[in-house]
Amino acid sequence: MKVIIAKSYEEMSRLAAEEIAKVVNEKPNAVIGLATGGTPVGMYKELIDMYKEKKVDFSQVTSVNLDEYVGLSGDHNQSYRYFMNSNFFDHVNIRKDHTFVPNGLAKDINAEGAEYDKKIEALGGIDVQLVGIGSNGHIGFNEPGEELDLGTHLTNLTESTIEANARFFASKDEVPTQAVTMGLGGIMKAKKILLIANGAEKAEAINKVINGKITTQIPASMVQMHRDVVVVIDEAAASKLENLK
Ligand code: GLP
């Protein structure tokens, strides 16, 4: 695991964008796994700037997103499809028909989740998977629990995740209580994992991911078993690190 501590959110965003651009520059038709949330917004801005400066080209890239809320259509302004279009896809030359986000309106979420995983395999797998982290240690929407799922599946959001995400909605009551998310198997199959985090509220979870035991109670701790992980965090998120591996 390679851990990079950035001086600021801006630096974290730039370093993360460079990691993604490196993969795309080495393999122009790369499959990039993307994530949403407050954390990657700056990284997408950096990638848009790099695209405008002709430092990266997305014309042959395919993207697959980690997760989506159940019950929100792609044009709902809090859906993750909407987030991806407005924060990234609309500003670069990726083909929209090469962008995939799990369908939160599917009748049978688990069946469509299995199709999503097959599609990823048919694409040749994910070259780099970006993940953020919840303050409770979730990745994608894989919440802490007794067990973790391998494939893309329907999941119930924990109270703490609903509360954390309420800031994006008019009220907490509007936050969906369920989501569809890539499972730990899907994330771990990616050839490379890029984990980003900023802010003190992530510091404890980050320390557990870097220094703690592997546990389903901190789903992100599983990435310790992956052979190519880059963690890019700002100083606040690094403030509780007991050790640097
Ligand atoms: C959200 C998303 C995750 C994200 C995490 C952190 O609920 N499902 O993919 O990484 O929680 O979000 P944020 O970056 O807004 O702190």
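Predicted model only: the values in this text are computed from it and were never measured.

1. Overview of unusual backbone geometry
Now for step 1: Unlike most non-glycine residues, K54 shows phi in positive territory, near 60°.
Now for step 2: Within the secondary structure layout, K54 lies in the loop between α2 (41-52) and β3 (62-65).
Now for step 3: Under the relative-accessibility criterion, K54 is labelled exposed at 76%.

2. Here we look at the UniProt feature "active site" (unreviewed entry) in the protein
Now for step 1: UniProt tags D67, N136, H138 and E143 as "active site" (unreviewed entry).
Now for step 2: Here N136 lies in the loop between β6 (128-131) and β7 (153-156).
Now for step 3: Excluding anything up to four places from it in sequence, N136 contacts E143, P144, T158, S160, T161, Q217 and I218.
Now for step 4: Assessed through its relative accessible area of 7%, E143 is described here as buried.
Now for step 5: The residues contacting E143, other than those within four sequence positions of it, are N136, H138, L148, N156, L157, T158, T161, T216 and P219.

3. Structural notes on the sheet that holds β7
Now for step 1: Read across the sheet, 3 strands follow the order β4-β8-β7 without closing on themselves; strand pairing throughout is antiparallel. Each of the sheet's edge strands pairs with one partner strand only, and the pair in question is β4 (67-69) and β7. Going across the sheet, the axis of each strand differs from the next one's by a mean of 30°, ignoring polarity.
Now for step 2: Where β7 and strand β8 (residues 178-181) come together, 4 bridges link them in antiparallel fashion.

4. Things to note about the site of the ligand
Now for step 1: The environment of the ligand is made up of 15 residues, and the closest members are G38, T39, D67, R167 and K202.
Now for step 2: D67 is positioned with one of its side-chain polar atoms (N or O) 2.8 Å from a nitrogen atom of the ligand.
Now for step 3: One nitrogen or oxygen atom from the side chain of H138 is found 2.9 Å from an oxygen atom belonging to the ligand.
Now for step 4: For the ligand, the accessible surface in isolation is 390 Å², of which the surrounding protein chains cover 95%.

Reading the values: the criteria
- Residues numbered from 1 in each chain as written.
- Predicted model: local features only at pLDDT ≥ 70, side-chain atom pairs only at ≥ 80, totals over all residues.
- Heavy atoms only, no water.
- Helix = DSSP H or I, 4+ residues; strand = E, 2+ residues; numbered from the N terminus.
- Buried < 20%, exposed > 50% of the residue type's maximum accessible area, 1.4 Å probe, protein only.
- UniProt positions renumbered as here; feature names shortened; annotations may be inferred.
- Contact = heavy atoms within 4.5 Å.
- Pairing = 2+ DSSP bridges.
- Axes fitted to C-alpha atoms, helices over the stretch in contact; angles between N-to-C directions.
- Near = heavy atom within 4 Å.
- Polar contact = N/O pair within 3.5 Å; in protein donor to acceptor, adjacent residues only side chain to side chain.
- Areas by Shrake-Rupley, 256 points an atom, 1.4 Å probe, with all protein chains shown as cover.

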